[in-house]
Amino acid sequence: MFWRMGYLRRNEGRMADIKEKILNKFKEVFGEGEAQAFFAPGRVNLIGEHTDYNGGHVFPCALTIGTYAVARKRDDRKLRFFSMNFEHLGIIESGLDDLKPRRDAGWTNYPKGIFWALGEKGYEVNQGIDLLLFGNIPNGSGLSSSASVEVVTGYILSELFGLGISNQDLALIGQYSENNFNGVNCGIMDQFAIAMGQKGQAIFLDTADLSYEYAPVQLEGAKIVIACSNKKRGLGDSKYNERREECETALGEIQQGMDINTLGDLNEEQFEQVKMAVKDEDRRKRAKHAVYENQRTIKAVKALKENDITSFGKLMNESHVSLRDDYEVTGKELDTLVEEAWKVDGVIGSRMTGAGFGGCTVSIVKDEAVDTFIDKVGTAYKSKIGYAADFYVVEIGSGPCHL
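These remarks concern the structure in this document.

### Things to note about the overall build of the chain
- Across its full length, the chain holds twelve helices and 13 strands.
- Over its C-alpha atoms, taken along the principal directions, the chain stretches across nearly 65 × 50 × 40 Å.
- The burial tally for the chain puts 59% of its 403 residues in the buried class.
- A sequence separation of at least 24 residues applies to 74% of the contacts in the chain between residues at least 6 apart.
- Roughly 16,200 Å² of accessible area belongs to the chain as shown, and the carbon and sulfur atoms make up 43% of that amount.

In structure tokens, the structure reads:
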């Protein structure tokens, strides 16, 4: 009823089927002619939430679900976009001479933003394209559908126009576009995880200097289960930017008496010594989360390397409590999913993931408990919230590619 595990387990085997489907749809929508197919994943962050714009560490991984695309160059400067997820909108037209965010442009502001960002960074794209997208990331779930669209668009343009952009630069261009074209003051994590993903590995990323290492995620006898609350939310409409401003203000207050560059420079003991420099109690709580969550992430990766999954799970649980009480970005839906998960035997850890205010939770669940987990959490959620959650047993995938 709720479980989509079988669908996702077949996802890699279905790539060829999806490729054929999207190529056929492209011909139907845009007409005959040679076109190329591409893919970029979604991502889930295992731990390290709201630390990426605070100079801290994050620990995301790419998924095997994401954004499929078909594209071809045009001989003029028109941009024509079509989404199989929003077929009723039909073809949405724009052009290289009209690269401005517009409310009525809807989802196409994300690929348009990449054209704009490339121009701002000195790359030359002087022909339009026809672009079709199909995403199997739940829209508005917090699994980074927008960042996936940004990365796949950047990858497509690099390939079609021979721009030679590295995957790391694709991530930076995607973030630049989201910040400056779409007005969402996001950190680097989403685009970086999507652009730099490697199968079976999560990325331990220091967002202060973009140093990173890959860490194998070996969950012997357990699975990663994502629960989608189905409460829709848009980052730009949420309090995301407000939280970022609160942290920046708190950092400025601390910097008046201490030489640090980011909140991520502090450990727990140092923060406790200087926290009263932050005058407002709410800002103090936000800064505390940023500092403590960064340290939790460092400890969690160490535990994973030592194959201590129990400690990793406890840190996940502590992360959610901090996001609920100090950062205040969870809400009834995410809290219900996590609190019901904690009641189920065989759940190693569970927390909200993503920006919050809706979206998803991520849980590590022992194999033998997965069915029970989905049944019990799903039943309780529908009873308390009034509508169903969806569950995805996911695998860790790779970054963008040419299909």
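On we go from here.
### As for the packing of helix α5 (residues 167-180) against helix α6 (residues 189-196)
- Two elements in contact, α5 and α6, have axes separated by 8 Å at closest approach and are oriented at 150°. Taken together, the axes of α5 and α6 lie roughly antiparallel to each other. Pair α5 / α6 crosses with right-handed handedness. Only Q191, F192, A195 and M196 of α6 make contact with α5, whose side of the interface consists of N167, Q168, A171, G174, Q175 and E178.
- Split by residue class, the contact of α5 with α6 holds four nonpolar, five polar and one charged.

### Side note on the pairing of strand β12 (residues 390-394)
- Of all five residues that make up β12, five are buried, and the element is covered over most of its length.
- Both strand β9 (residues 222-228) and β12 contribute to a ladder of five bridges, which runs antiparallel. Of the residues in β12, the one forming a bridge with A227 is F391.

### Re the environment of E318
- Looking at where E318 falls in the secondary structure, it is placed in helix α10 (residues 309-325).
- Its relative accessible area of 43% is what places E318 among the partly exposed residues.
- Sequence separation between E318 and Y292 is 26 residues, and the spatial gap between their C-alpha atoms is 9.8 Å.

### Focus: the sheet that holds strand β7 (residues 201-206)
- The sheet built from three strands is open, its strands ordered β2-β7-β8 with antiparallel pairing. The open sheet is flanked by β2 (57-58) and β8 (211-216), the only strands paired with a single partner.
- Sheet topology places β2 next to β7; two bridges connect them, and they run antiparallel. Looking at the pairing, H57 lines up with D206 of β7.

### Thoughts on the sheet that holds strand β11 (residues 360-366)
- Pairing is antiparallel across the open sheet formed by four strands, whose spatial order is β10-β11-β9-β12. Every interior strand has two partners, whereas the edge strands, β10 (347-353) and β12, have only one. Within this sheet the neighbouring strands show an average axis-to-axis angle of 20°, counted without direction.
- Relative to β11, β10 is paired through six bridges, and the arrangement is antiparallel. Counted as the bridge partner of M352 is T361 from β11.

Basis of the calculations
Residues numbered from 1 in each chain as written. Predicted model: local features only at pLDDT ≥ 70, side-chain atom pairs only at ≥ 80, totals over all residues. Heavy atoms only, no water. Helix = DSSP H or I, 4+ residues; strand = E, 2+ residues; numbered from the N terminus. Buried < 20%, exposed > 50% of the residue type's maximum accessible area, 1.4 Å probe, protein only. Contact = heavy atoms within 4.5 Å. Areas by Shrake-Rupley, 256 points an atom, 1.4 Å probe, with all protein chains shown as cover. Axes fitted to C-alpha atoms, helices over the stretch in contact; angles between N-to-C directions. Parallel < 35°, antiparallel > 145°, perpendicular 65-115°, else oblique. Left-handed = near helix turned anticlockwise from the far one by under 90°. Nonpolar A, V, L, I, M, F, W, Y, C, P; charged D, E, K, R; others polar. Pairing = 2+ DSSP bridges.

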